[in-house]
Amino acid sequence: MLKLTAPARLYLTNTKATKLKPEHFSFVSRQTRLQLTTQQQHNQQHLQQQKQKHLMHILQNSQTPNNITTQIHSHLLTTNSLLHHSQLFNTLLHFYSLADSPQKAFLLYKQLQQIYTHSHSPLPPLFDSFTYSFLIRTCATLSLPNLGTQLHAVMSKVGFQSHVYVNTALVNMYVSIGFLKDSSKLFDEMPERNLVTWNVMITGLVKWGELEFARSLFEEMPCRNVVSWTGIIDGYTRMNRSNEALALFQKMVACEYTEPSEITILAVLPAIWQNGDVKNCQLIHGYGEKRGFNAFDIRVSNCLIDTYAKCGCIFSASKLFEDISVERKNLVSWTSIISGFAMHGMGKEAVENFERMQKVGLKPNRVTFLSVLNACSHGGLVEEGLKFFDKMVEECEVLPDIKHYGCLVDMLGRAGRLEQAEKVALGIPSEITNVVVWRTLLGACSFHGNVEMGERVTRKILEMERGYGGDYVLMYNIFAGVGRYGDAERLRRVMDERNALKVPGRSLV
């Protein structure tokens, strides 16, 4: 604070001697008050800045950002200081847009607008490009196209119609919620685009299956980075066009000299197992070792285990799994190897690994249980499978879905325990049951020659769907297998009358 000096007090005590007039006191008083007011404002601004830095530090270093964000939000409202912390306001918006309740970002935005309206401040609230980018992200997260369109209009009105970052956020919002025409129109009209703009548009189109459009934009890009290549490779992989995905990966590395990231590896590995080429899997495995991906990103190791198994090399999958330390293995690691053993009919090994997983303290989820049930089904481990199903429901409290029930019916059907399989099928909740489970049971009836149950199951199937010829063919084979040729021919005529079609089988050999 400003202190008055001794001579200033002498003016007041020696008025007569110095012959000062009253207006002199008035001038000194106004000047002093002005100095005091200016200093107070400066001190107040300094305190507000220090407070903002302190709150920012708390927010950015918190272990529970959701709770802290709400607490700081409440503090700024109760102390009526929201208008004074523009940077903190944007940080709160950012945290809300990424949190479990992103709609709170709009609540904060509206509150600041209301405070500004009632404060009669001559200055508008400090909404900048960051503010609108975070709000647009919230619209994309919540799939709110109408609100996003309103924001688009507001931003154009206040002068952000040519801002590259804001427009990129808008393109991302439109394309992520499926408004492809709006995103394309905005993308074409943008006076300036950066690399992020191109990547956002391409990955968004890939998400909605517009692969040819995405590829055409990819070819038009003035420059590409690893994100661009990864996005288009992932698109071809998702569309089961594995040869083109692998060709792009090869071009990326050999021709464009772009180093793949761990995300690129995760995108290309499904293309490898779609082709079933274990040599390519080995090449990627070696590259991952060289770059250190396998050592620091467990997702790459897990995907390699899955790829080796699907390429038919369960030995390599098992070796890679055992080379990973127990501390690094997560639930996906264990599920991948259990699933690998299941698809190779190695039920005993799958069960052993399930038990090892439990011993290290990991709790299985519905995917893990589905894998071990599938292993029991293919390995003929019926009693073990029933125990796992009971464990899933009773101990782990995992609600079975139609795939779990399907595995159980298939397992019992393979073992010839048809009555028990039928009981399970009849006990499936009506809201999730489907015709596939009953077809599985019909296949078991055909294999074991159970005519009576086959007829019941066929009637059940035809109540649900009549147009699939495979159902009629299975029941025809059951009748013919026990010499009931008349019933078989009758069923054939019914099949022809209903124009039921059977999709012809195909072989890769």
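The numbers attached to residues start from 1 for each chain and follow its sequence in the written order. Reporting in this predicted model follows two pLDDT cut-offs: at least 70 for local features of residues, and 80 or more for side-chain atom pairs to be given and counted; totals over whole chains, interfaces and linings ignore these cut-offs and use all residues. Calculation of side-chain values draws on the structure's entire complement of heavy atoms; hydrogens and water are dropped beforehand.

Inspection of the secondary structure assignment puts L98 in helix α5 (residues 86-98). Counting along the chain gives 39 residues from L98 to R137, while the straight-line C-alpha distance between them is 8.7 Å. The helix count covers DSSP runs of H or I at least four residues long, the strand count covers runs of E at least two residues long, and both are numbered beginning at the N terminus.

By nonpolar core we mean a set of buried residues, namely Ala, Val, Leu, Ile, Met, Phe, Trp, Tyr and Cys, connected to one another through side-chain atoms within 4.5 Å. With a 1.4 Å probe rolled over the protein chains alone, any residue whose accessible area is under 20% of its type maximum counts as buried; one over 50% counts as exposed, and the rest are partly exposed. By size, the foremost hydrophobic cluster in this structure holds 128 residues, and its most contacted members are I232 and L441. No other element matches the 8 residues that helix α9 (residues 164-176) contributes to this core. Those residues in contact with I232 that sit more than four places away from it in its chain are I202, L211, A214, R215, F218 and L248. Two residues qualify as a contact provided that any one of their heavy atoms is within 4.5 Å of a heavy atom in the partner residue.

To continue, consider the packing of aromatic side chains. Stacked, edge-to-face and tilted labels apply to pairs of Phe, Tyr and Trp rings (six-membered ring for Trp) whose centres lie within 6.5 Å, assigned for plane angles under 30 degrees, over 60, and everything in between, in that order. On inspection of all chains with the given rule, the structure shows 12 aromatic pairs. Judged by centre distance (5.1 Å) and plane angle (85°), the ring pair of F187 and W198 falls under edge-to-face. Linking F187 in helix α10 (residues 180-189) with W198 in helix α11 (residues 195-207), this pair joins segments that are 11 residues apart in sequence. Across the pair, exposure class does not vary: F187 and W198 are buried alike. The structure contains a cluster of three or more aromatic residues connected by ring pairs, namely Y109, F127, Y132 and F160. Should the NZ of a Lys or the CZ of an Arg lie within 6 Å of a ring centre and within 35 degrees of the ring normal, that charge is described as sitting over the ring. K310 extends its terminal NZ or CZ atom over the ring of W273, reaching a point 4.1 Å from the ring centre.

For the rest of this paragraph, the subject is the pattern of salt bridges. Salt bridge, as applied in this entry: a Lys or Arg side-chain nitrogen positioned within 4 Å of an Asp or Glu carboxyl oxygen. Here the structure, examined in full by the defined rule, presents 18 salt bridges. Between R215 and E219 there is a salt bridge, with its nearest N and O atoms 2.8 Å apart. Of this pair, R215 and E219 both sit in helix α12 (residues 211-220), 4 residues apart, which is roughly one turn of that helix. When its relative accessible area of 39% is taken as the criterion, E219 is described as partly exposed. Across the salt bridge formed by R238 and D234, the nearest N and O atoms sit 2.6 Å from each other. Highlighted residues: R238 and D234, both in helix α13 (residues 226-238), separated by 4 residues, approximately one helical turn. Given a relative accessible area of 58%, R238 falls into the exposed group.

Before going further, it helps to spend a moment on the packing of α10 against α11. The contact between α10 and α11 brings their axes to 12 Å, and the two run at 160°. Considered as vectors, α10 and α11 are oriented roughly antiparallel to each other. Crossing angle aside, the handedness with which α10 passes α11 is left-handed. Touching L180, S183, S184 and F187 of α10 are T197, W198, M201 and L205, all from α11. Across the contact of α10 with α11, the residue classes break down as 5 nonpolar, 3 polar and no charged. Where helices are involved, their axes are fitted lines through C-alpha atoms of the stretch in contact, as for all axes, and angles between N-to-C directions lie from 0 to 180°. Between 65 and 115 degrees an angle is taken as roughly perpendicular, under 35 as roughly parallel, over 145 as roughly antiparallel, and anywhere else as oblique. Each crossing is labelled by how the near helix is turned from the far one, with a counterclockwise turn of less than a right angle marking it left-handed and a clockwise turn marking it right-handed. Side-chain classes follow a simple rule in which Ala, Val, Leu, Ile, Met, Phe, Trp, Tyr, Cys and Pro form the nonpolar group, Asp, Glu, Lys and Arg form the charged group, and the remainder, Gly included, forms the polar group.

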